[in-house]
Amino acid sequence: MLDSLDAAAVRRWCAAGLEALRRHQREIDELNVYPVPDGDTGTNLVLTVTSAYRALLDAVDAPDGDGEVAHAADGDGEVAQAADGGSGDARLGRALRAMARGALLGARGNSGVIVSQILRGVADTLSATRHVGGRALAAALREASTAAYAAVAVPVEGTLLTVARAAADAATTADSDDLATVARAAAAGASDALARTPELLPVLARAGVVDAGGRGLVVLLDALVAVVDGTVPEHPATAYEALRRSTVDREAGSESYAYEVQYLLDAPEAAVDDLRAALAGLGDSLAVVGTGTLAPGGIQTWNVHVHVNDIGAALEAGIRAGRPHRISVTRFADQRPAPDATAPAPPAAIGTGGAAPAPPAPVAVPPTPERAGQAAVVVAHGPGLVALFEGEGATVVPHPSPSTTEILDAVRSTRAERVVIFPNNPNVHAVAAAAAAEARAEGIRTAVVPTRSPVQALAALAVHDPQRRFDDDVIAMADSAGACRYAEVTVASREALTVAGRCRAGDILAMVDGEVNLIGKDLGETCRELLDRLLTVSGELVTLVLGEDAPDGLSDELAEHLRRTWTFVEVQAFSGGQPHYPLLVGVE
């Protein structure tokens, strides 16, 4: 059992954390808020910590200030002090700083950036500490939580941030200088907070999951406990799995209510309050969500979902409120899988030989006098989208979830003095911001336009003017991107309860501005209805980007529908080739 952290223990912690994340990678990926097929938090965390571990190994093997190697591997692969490797606190500081820096440069996704800031907070606190006992670890976790919150423009509770703060609170409350006691308290506090994340974030409760990034932090803290005292905490297999099972069981029906009733309802908003009251008295799991688009007479379409025993009463309540249609009734007893099928799949490592692909090593490219002009860097995935943005003169990062280094290298490669970055995905915003900060430190003036979809970047680049002042051009592009509503169509990867009602694996999901808005069975019909909903509000230019799974003729079918139904709308269609999403839509 360790009574103090040193550089060798940090190395073992990083290695153990990486191994544990690989084991839980698939499980964390599946803790996705929306039932879409590109959930990748587990993968992003594995790649982030892989980069941290490689940087740590490089620091271990690097010469110290006297030109001697500071550490060497002993016969068992452990790190030992070289003959004159310098003081223990210096080696500890170098290891922690290298780990944090490697995590930042290899960070993928918002969770990866936040974890890198947690490691930075630990490094900032402990780098000059000679004896890292329990109270020093608690102070480091407090600073780590502060750094994590500072990394997010708008902190949201019920996420990785909440779990990090709970770990720091529990470590402080332990009030001990025993390292093992504080490490165990931090891990337990994090796990308890993870189980409560659905109470703080309704979108997690609807999806029946806990926060994926928070789960990753619990895995890392459990690895720290294992390194410090040789035990493996048991809480992760009970707290969050029990919550997840109970949520899924409730959404799968209960002894109290035997049927799920769903329908679309055309009704005025004034009638919906009475509908909600009537349905609330009949059952549970009630959701009544409107599209927000008004037809003549103030009528809009509502998606109604409720669990009941009296099917007729639920339908009659809808008839009193307006015109129900697309009615579906499901008997839960007919839908439950056999008992064996409900058992969770065992965690499995992802990748060849359990190893995750490593982010590329950072390449230092200092700014030179030759840098001049203005350039754009765009994150885009799919051969058509890559070609489209390159045709607009942008440098493309062809990865759905790039690392900080990959975006930074793209910025450097432009050889421009001023660069604007378009992340095109909410989960890439923090990574883009980290890359921009690194670029600015190298003397490259860099800004991020926080686009959430490639269609918004297309709208922004359409107004790009390199002759304008850089700040004015960035503002103009940001305004144009913000004025572009975006939508995505994909196929549900699993059963879930969304704000638009229950979906099942294989259903067509239409998401507007990041939220599930429509659930359908037929791709073409769902796409047409999505376009109608978008254009009911307003719109003059519609951009369609077809994905690799889009069937032949879908583009022509949708363009014809728009020309016939919305005669004032201009349509432009492109083959994007993006995976997972047969259609991306932009409305300006």
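About the cut-offs
- Residues numbered from 1 in each chain as written.
- Predicted model: local features only at pLDDT ≥ 70, side-chain atom pairs only at ≥ 80, totals over all residues.
- Heavy atoms only, no water.
- pLDDT = per-residue confidence, 0-100.
- Contact = heavy atoms within 4.5 Å.
- Pairing = 2+ DSSP bridges.
- Helix = DSSP H or I, 4+ residues; strand = E, 2+ residues; numbered from the N terminus.
- Right-handed = clockwise from strand over helix to strand, strands pointing away.
- Polar contact = N/O pair within 3.5 Å; in protein donor to acceptor, adjacent residues only side chain to side chain.
- Buried < 20%, exposed > 50% of the residue type's maximum accessible area, 1.4 Å probe, protein only.
- Arc of directions from axis to C-beta.
- Salt bridge = Lys/Arg side-chain N within 4 Å of Asp/Glu carboxyl O.
- Axes fitted to C-alpha atoms, helices over the stretch in contact; angles between N-to-C directions.

Overall, the predicted model of the chain reaches an average pLDDT of 83, with 83% of residues at or above 70. Low pLDDT, under 50, characterises residues 65-85; the predicted model gives this stretch 39 contacts beyond four residues in sequence or across chains. Segment residues 236-240: pLDDT under 50, and eleven contacts once partners within four positions in sequence are set aside and those in other chains are kept.

Relative to strand 10 (residues 445-448), strand 9 (residues 418-422) runs parallel, the two being bridged by four bridges. Across the sheet, Val419 pairs through a bridge with Thr446, a residue of strand 10. The parallel pair strand 9 and strand 10, bridged by helix 16 (residues 429-441), forms a crossover whose chirality is right-handed.

Summarising the element assignment, Arg502 is placed in strand 13 (residues 501-503). A distance of 2.3 Å separates a polar atom in the side chain of Arg502 from a polar atom in the side chain of Glu495.

Turning to helix 13 (residues 311-321), its buried residues number three or more, namely Ala313, Ala314, Ala317, Gly318 and Ala321. The buried residues of helix 13 occupy one face: seen down the axis, they fall within an arc of 145°. Those residues of helix 13 that are exposed and angled more than 90 degrees off the buried face are Ile319 and Arg320. One side-chain oxygen of the residue at the start of helix 13 lies 3.4 Å from the amide nitrogen of Gly312, identifying that residue as Asp310.

Residue Arg415 is not a glycine yet carries a positive backbone phi of 55°. Tracing the chain through its elements places Arg415 in the loop between helix 15 (404-413) and strand 9. Exposure remark for Arg415: the relative accessible area of 31% places this residue in the partly exposed category. Its identity as a non-glycine residue notwithstanding, Asn424 has a phi of 65°, on the positive side. Considering the arrangement of structural elements, one finds Asn424 in the loop between strand 9 and helix 16. Classification of Asn424 by relative accessible area gives buried; the value is 7%.

Glancing now at the pattern of salt bridges. In total, this model carries 25 salt bridges according to the counting rule given. A salt bridge links Asp266 to Arg323, with the nearest nitrogen and oxygen atoms 2.7 Å apart. Of the two residues, Asp266 sits in strand 3 (residues 259-268) while Arg323 sits in strand 6 (residues 323-331), which places them 57 residues apart along the sequence. For Asp266, a relative accessible area of 17% puts it in the buried group. For Asp473, the salt bridge identified is with Arg468, shortest N-O distance 2.8 Å. Linked through salt bridges whose partners overlap, the residues forming this network are Arg445, Arg469, Asp471 and Asp472.

Attention shifts here to the sheet that holds strand 17 (residues 570-575). Spatial strand order, 15-14-11-18-16-17: six strands in an open sheet with mixed pairing. What marks the edges here is a single partner per strand, and that holds for strand 15 (515-520) and strand 17. Averaged over neighbouring strand pairs, the angle between their axes works out to 20° when direction is ignored. Alignment of strand 11 (residues 485-491) against strand 18 (residues 583-587), held across five bridges, turns out to be antiparallel. The residue bridging Arg485 from the neighbouring strand is Val587, located in strand 18. Along the sheet, helix 17 (residues 454-462) makes contact with strand 11, strand 16 (541-546) and strand 18, crossing strand 18 at roughly 40°.

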